[in-house]
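Coordinates in review
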Amino acid sequence: MKLCSSLKTCLFFLCSALALTAQNKEVVITIDTLSPQVFMLTGQGGNIGIYVGTDHVFMIDDQFDRLSEKIKASISKLSDKPITFLFNTHMHGDHTGGNASFNGPGTTIVAHDNVRNRILEREKKNLEEAKISEEYLNNMLPELSFSDNITFYDGDETILGFHVHQAHTDGDALIYFMANNVLHMGDTYFANRYPYIDLKSGGSVEGLIETQKKALMLINDETIIIPGHGRPSNKKELSAYIGMLEELRKNVDMAIMSGASLEEVKANSTITAKHDTAFEGGFISAEAIRESFYMSLQNKESE
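Residues numbered from 1 in each chain as written. Predicted model: local features only at pLDDT ≥ 70, side-chain atom pairs only at ≥ 80, totals over all residues. Heavy atoms only, no water.

On to the confidence of the model for the protein chain, then. On average, residues of the protein chain score 92 in pLDDT, and 90% of them are at 70 or above. Every residue in residues 1–24 scores below 50 in pLDDT, and together they form two contacts with partners more than four places removed in sequence or on other chains. (pLDDT = per-residue confidence, 0-100. Contact = heavy atoms within 4.5 Å.)

Below you can see the structure in the form of structure tokens.
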């Protein structure tokens with residue numbers, strides 16, 4: 001075995017090995033039973049919703065393509081019925097990465113108009129760079145899109161899908177299973193962690209808060225919420241989350257009105273200090289959330 005000729009070389013190989021280990025780390029798909037017909041699958045990426053209907057399965061989001069076979073195996077434990085509908089809550093790859101693997105003659109992918117447009121834009125770039133084939137691109141795209149609301153009926157269950165404006169992105173949709181009383185909020189809600197607001201894809205602080213308030217009006221104390229990331233949640237936790245967001249909005253608004261710069265807001269830990277212990281456990285740091293709020297609210301002020 002050859003010794004590394006320099007510290008730099010050793011560090012390079014160490015980092016490469018660690019990266020490879022992380023990439024190949026075993027991902028386990030876990031299943032939470034939320035109601036007799038609705039389940040939440042957790043693996044790597046956004047939480048998946050599964051509804052086992054009368055004759056078919058209704059699926060919400062699909063994480064990353066490399067996990068598709070594992071996800072299919074987990075779904076087969078719940079039902080052997082075909083996946084007739086696959087609903088994308090928004091366009092990000094950790095929610096739509098498996099579209100091509102799940103798409104087929106018996107499956108229709110459904111999403112908001114903006115989701116289809118953004119996936120098309122993303123995958124066209126990959127096609128131009130020869131990373132994917134034309135067939136793969138076509139299978140990634142939703143075949144059915146809507147501009148506002150869409151409703152599915154299955155026996156006694158009514159499934160409501162409705163678009164919410166400029167929240168996490170510009171194409172977010174919430175899905176509510178009325179009879180089962182389960183609401184999938186996609187990435188418009190991160191349970192017990194700071195949210196990710198994709199400003200470059202049409203997201204905004206105001207839209208995120210309004211979306212969560214809209215959800216609050218729809219549900220009751222018994223509703224189970226599937227968040228985009230995090231454990232299953234409920235109305236009480238969502239209400240407290242809205243209170244946290246509104247307080248951060250007030251704090252950042254005050255900083256903006258006082259003339260604080262972006263760098264000053266990012267460095268001002270007092271803006272989020274009250275909530276950091278409870279909500280900084282995800283991939284969005286306190287500094288990152290202060291930056292997102294500043295950028296979004298500053299844009300609103302300049303309009």
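Right, let's get into the side chain of T169. Locating T169 in the fold gives a position in the loop between β9 (157–163) and β10 (173–177). Here the side chain of T169 touches G171 through a polar contact of 3.1 Å, landing on its backbone nitrogen. In contact with T169, other than residues within four places in its own chain, are H90, H92, D198, S201, G202 and G203. (Helix = DSSP H or I, 4+ residues; strand = E, 2+ residues; numbered from the N terminus. Polar contact = N/O pair within 3.5 Å; in protein donor to acceptor, adjacent residues only side chain to side chain.)

Our next topic: the nonpolar core. Core analysis: the largest hydrophobic core is formed by 37 residues, its most contacted members being M185, Y194, L238 and F293. Secondary structure elements with two or more residues in this core: β10, α7 (205–218), α8 (235–257) and α11 (286–302). Of all the elements, α8 adds the most residues to this core, at nine residues. In this structure L238 touches M185, Y189, Q212, A215, L216, I219, I225 and S233, once residues within four positions along its chain are discounted. Counting 17 residues, the second largest nonpolar core, distinct from the first, contains M40, Y51, F58 and V110. (Core = buried A, V, L, I, M, F, W, Y, C linked by side-chain atoms within 4.5 Å. Buried < 20%, exposed > 50% of the residue type's maximum accessible area, 1.4 Å probe, protein only.)

Next up on the list: the sheet that holds β9. Taken in spatial order, the five strands of this open sheet run β8-β9-β10-β11-β12, and their pairing is mixed. The open sheet is flanked by β8 (149–154) and β12 (224–226), the only strands paired with a single partner. Across this sheet, the average inter-strand angle for adjacent strands is 15°, counted without regard to direction. In terms of strand pairing, strand β11 (residues 182–184) meets β12 through three bridges, oriented parallel. Opposite H184, over in β12, you have I226 as the bridge partner. (Pairing = 2+ DSSP bridges. Axes fitted to C-alpha atoms, helices over the stretch in contact; angles between N-to-C directions.)

What follows concerns α8. An α-helix turns once per 3.6 residues; consequently, residues spaced three or four apart project the same way. Its 23 residues give α8 an end-to-end C-alpha distance of 33 Å, which sits within 8% of 33 Å, the value for a rise of 1.5 Å per residue. Within α8, the full set of buried residues consists of L238, Y241, I242, M244, L245, L248, R249, V252, D253, A255 and I256. The residue sitting at the N-terminus of α8 and contributing the capping side-chain oxygen is N234; that oxygen lies 3.2 Å from the backbone nitrogen of K236. At the exit of α8 stands G259, carrying a positive phi of roughly 95°. (Expected span 1.5 Å × (residues − 1).)

As a further point, take the pairing of strand β1 (residues 30–33). Here four bridges tie β1 to strand β2 (residues 38–42), and the two strands are oriented antiparallel to one another. Paired with D32 across the two strands is M40, which belongs to β2. Here β1 folds back onto β2 in antiparallel fashion, the turn holding four residues.

Moving on, we get to the sheet that holds strand β5 (residues 83–87). In space, the seven strands of this open sheet follow the order β1-β2-β3-β4-β5-β6-β7, with mixed pairing throughout. Each end of this open sheet is capped by a strand with a single partner; those strands are β1 and β7 (144–146). Taking each pair of neighbouring strands and ignoring which way they run, the sheet shows an average axis angle of 20°. Where strand β6 (residues 108–112) meets β7, three bridges bridge the pair, whose relative direction is parallel.

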